[in-house]
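Listed here are the chains, written in short residue letters.
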Amino acid sequence: MKTIPKKALKHADILEQMRGFSDSDVNYRDSRTWSLVYHLDDQHTEFLKQAYGMYFSENALNPMAFKSLKRFETDIINMTAQMLSGDKKAVGTLTSGGTESCLLPVLTYRDLARAKRKLPFTPEMIAPESIHVAWSKAAQYFGVKIRYAPLKQDFRVDVEAVRKMINRRTILLVGSAPSYPHGVIDPIEELGKVAQQYDLPLHVDSCLGGFLLPFIEKNDGSIPPFDFRIPGVTSISADVHKYGFAAKGASTVVYRDMKYMKHQFFIHQDWPGGVFASPALLGTRPGGSFAAAWAAIHALGEDGYCANAQKIMEITRELQSGITNIDGLAILGQPEMSVFAYHSTDDKVNIFAVGDQMESRGWQIDRLQRPEGLHVMVVPGHARITIEYLSDLKDSVETVRSNPGLAAKGNAAMYGMIAKLPFRSMIKKEVMKMMEELYSPEGSMPMDGDNNPLSVRIMAKILQRFSKVKGAKE
Ligand SMILES: Cc1ncc(COP(=O)(O)O)c(C=O)c1O
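Numbering of residues starts from 1 in every chain and runs along the sequence as written. Since the coordinates come from a predicted model, pLDDT governs what is reported: local features require at least 70, and pairs of side-chain atoms require 80 or more to be given and counted, while whole-chain, interface and lining totals use all residues. Side-chain numbers here rest on the full set of heavy atoms in the structure, without hydrogens or water.

Caption draft 1: Summary view of the sheet that holds strand β10 (residues 329-331). The strand order β10-β11-β13-β12 describes an open sheet built from 4 strands, whose pairing is antiparallel. The two strands at the open ends of the sheet, each matched to only one other strand, are β10 and β12 (366-368). Pairwise comparison of adjacent strand axes, ignoring direction, gives a mean angle of 35 degrees for this sheet. Between any two strands, at least two bridges found by DSSP are needed for them to pair. Labels follow the DSSP assignment, with helices taken as runs of H or I lasting at least four residues and strands as runs of E lasting at least two, numbered in each case from the N terminus. Only the stretch in contact is used when fitting a helix axis, every axis being a line fitted to C-alpha atoms; angles between N-to-C directions are given from 0 to 180 degrees.

Caption draft 2: Summary view of the sheet that holds strand β7 (residues 251-255). Strand order in the open sheet made by the 7 strands is β1-β7-β6-β5-β4-β2-β3, with mixed pairing throughout. If you trace the sheet from one side to the other, it starts and ends with β1 (91-95) and β3 (145-149), each paired once. Between one strand axis and the next, the sheet turns by 20 degrees as a mean value, whatever way the strands run. Relative to β7, strand β6 (residues 233-239) runs antiparallel, the two sharing 5 bridges. Residue pairing in the sheet places serine 235 in a bridge with tyrosine 255 of β7. In what follows, a contact means two residues having at least one pair of non-hydrogen atoms within 4.5 Å. The strands touched by helix α4 (residues 98-116) are β1, β2 (124-128), β4 (170-176), β5 (202-205), β6 and β7; relative to β7, the strand with the most contacts, the crossing angle is about 25 degrees. Contacting β4, β5 and β6, helix α7 (residues 188-197) runs over the sheet at an angle of about 170 degrees to β4.

Caption draft 3: How the structure looks around the nonpolar core. Definition used in this section: a nonpolar core is a set of buried Ala, Val, Leu, Ile, Met, Phe, Trp, Tyr and Cys residues joined via side-chain atoms within 4.5 Å. The classification of residues rests on relative accessible area computed with a 1.4 Å probe and restricted to protein chains. Under 20% of the type maximum is buried, over 50% is exposed, and intermediate values are partly exposed. In terms of nonpolar packing, the biggest core is built from 94 residues, with Tyr243, Tyr342 and Tyr389 touching the most fellow members. A total of 15 residues in this core trace back to one element, the largest contributor, which is helix α10 (residues 287-324). Tyrosine 342 has contacts with Ile323, Leu329, Ala330, Ile331, Leu332, Ile351, Gly373, Leu374, Val376, Tyr389 and Leu393, leaving out every residue within four places of it along the chain. In terms of nonpolar packing, the next biggest core, distinct from the first, is built from 30 residues, Tyr109, Ile131, Ile171 and Val174 among them.

Caption draft 4: Layout of the environment of threonine 108. Inspection of the secondary structure assignment puts threonine 108 in helix α4. For threonine 108 and tyrosine 260, which are 152 residues apart along the polypeptide, the C-alpha to C-alpha distance reads 7.1 Å.

Rendered as structure tokens:
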């Protein structure tokens, strides 16, 4: 177990050691990864670091003490609300990220429902099967049951199914713009009508699309309305640290009106530490991420976001048409923006084996289940690797087609089996054991030099354990 060094180390030595730690990290700078990092370019990143550094120590826990940070927050929320077609009554808070911007509305609408009526039962929210997993987390944290509405063939939620699922316990409807797995926008307009008919709030999770869709729409008008133009929409989450190209730790949750958001606030008047009021989940709120988010929006401006959107969509179209032209592959659904997935249409081409092949060619690949697919999330830097990606993908498909055994080997076999394992609760139990190991004092898994993504290694262990349990029972 590591202990605090007895004597202080030299700054230069510390920094050198730290640089070494990143040797086994994925390299996002070469544009061979498709998520996790929304890197615009080095110049922009250096600028963000300056902005972040300027407010490095400031704390938005007390907006009276740091009026600068409150100004950043108010400005960012106003700009975001205006971008999402909110009117003068729109309000919101800056949060630490998409997850916080999904957690908060669940708390808010649960407490709004409690304020309106008694809830002598577990309140329920209805969300598409494709909703981001942060909503499950929110449900678990705040004692709300999440009920998943089925998707139609086009991967958008079935609004009639949502309508039928509404009952007296329902407190909230949710849709995505777009969904993380398939990049499609749910029929928000229709959901809005249902929400109004049953007098329910409707939140749109636009963590991914919030800072991209409005600019695609400005460029070519191709986006269906998903924002406050739809009367039933009561709130929207939009991440500045994704397509807003801010530093990590910045998202927004915007409400149509304070009458909703006031249920998000926490106030405790009797604390010996003083009367305490907090607008969001965190106590201490880092000034650096507020400052960098404000700086990013001003550095890009509407023109910059539109230009980026144009570039991102050109790369997306090039990738999608390249993938469609590869025999045996097809795009899942008809995604509106730069996030999408593709799958195999040929029994002889196992898509997870294609993922393995791509990884052996140096790409970091994200995999989807139900249905199985590979995931893409485009940023401007991908312009320089589009041709190489498509050529490697074509080779990978051909390799898999001519070597059917590959589907039963490596990560492909694991992903395939895990997706089909019948005992889902057992998977959960095994993942829990893995988490306990990962967060044990040794926390060894990510440090042992193995470059496999964590999920693959977790799955390998699950399978190992699963076969042991199965063996013991037989
Ligand atoms: C639609 C959607 N909602 C929420 C989140 C969670 O965001 P974060 O990872 O910033 O917490 C994501 C992340 O990709 C997302 O795609």
